[in-house]
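Residue-level structure breakdown
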Amino acid sequence: MLIPRGTRVHLAREHVDFRKSIDGLSGVVRTVLEDDPSSGHLFVFHNRRRTAVKVLWWDHGGFCLLYKRLARGRFRLPFFPDDAIRVRMTGADLAAL
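Now for a quick tour of the structure.

Right, let's talk about the overall build of the chain for a bit. Counting secondary structure elements, the chain contains two helices and five strands. In the chain, the order of α-helices and β-strands from amino to carboxyl end is β-α-β-β-β-β-α. In terms of C-alpha radius of gyration, the chain reaches 13 Å, essentially the compact-globule figure of 13 Å for 97 residues. Expressed as lengths along the three principal axes of its C-alpha atoms, the size of the chain is roughly 35 × 30 × 25 Å. Of all 97 residues assigned to the chain, the portion counted as buried reaches 35%. Pairs at least 24 apart in sequence give 56% of the contacts found in the chain among residues at least 6 apart. When the accessible surface of the chain is split by element, carbon and sulfur atoms take 48% of a total near 6400 Å². A distance of 10 Å separates the average location of the 17 positive side-chain charges in the chain from that of its 10 negative side-chain charges.

For the rest of this paragraph, the subject is the pairing of strand E3 (residues 52-59). Counting buried residues along E3, six of its eight residues qualify, which places the element largely inside the surrounding structure. Between strand E2 (residues 42-46) and E3, which pair antiparallel in sequence order, lie five residues; one of them, arginine 50, sits at a positive phi of approximately 60 degrees. Pairing of E3 with strand E4 (residues 62-69), which is carried by eight bridges, proceeds in the antiparallel orientation. By the bridge assignment for E4, alanine 52 is matched with arginine 69. What sits between the antiparallel neighbours E3 and E4 is a turn of two residues, in which histidine 60 has the positive phi angle 50 degrees.

All right, on to the side chain of lysine 54 then. As for its position among the elements, lysine 54 is in strand E3. Buried charge lysine 54 goes without a salt bridge, the closest partner of opposite sign being aspartate 17 at 7.6 Å. Residues in contact with lysine 54, not counting those within four places in the same chain, are Phe18, Lys20, Leu25, Phe43, Val44, Phe45, Leu65, Leu66 and Tyr67.

Each value, and the rule that gives it
Residues numbered from 1 in each chain as written. Predicted model: local features only at pLDDT ≥ 70, side-chain atom pairs only at ≥ 80, totals over all residues. Heavy atoms only, no water. Helix = DSSP H or I, 4+ residues; strand = E, 2+ residues; numbered from the N terminus. Rg over C-alpha atoms; globule rule 2.2 N^0.38 Å. Buried < 20%, exposed > 50% of the residue type's maximum accessible area, 1.4 Å probe, protein only. Contact = heavy atoms within 4.5 Å. Areas by Shrake-Rupley, 256 points an atom, 1.4 Å probe, with all protein chains shown as cover. Lys, Arg positive; Asp, Glu negative; His and termini not counted. Charge placed at Lys NZ, Arg CZ, Asp CG, Glu CD. Pairing = 2+ DSSP bridges. Salt bridge = Lys/Arg side-chain N within 4 Å of Asp/Glu carboxyl O.

By themselves these figures say nothing about function.
Here is the structure:
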């Protein structure tokens, strides 16, 4: 996945219900992360067991949703400060995730 320069990547601290799709996740971006889901930035969510991630972003007039589920193992999440609801990542961090 090629991430344009200047695009921010935000990883949500808390897991989300993976039955949520575009509308549900954009609602989480608005209410929990307090951000604009159509900003063009990437919003990364993980499930409770950290075996899957979803990435939501706005691109050229519509939302895109990427879903990756590991065949085995778990995603390793970066350190979150105690009061953080999200952490900013680089494109390299996202690729390493």
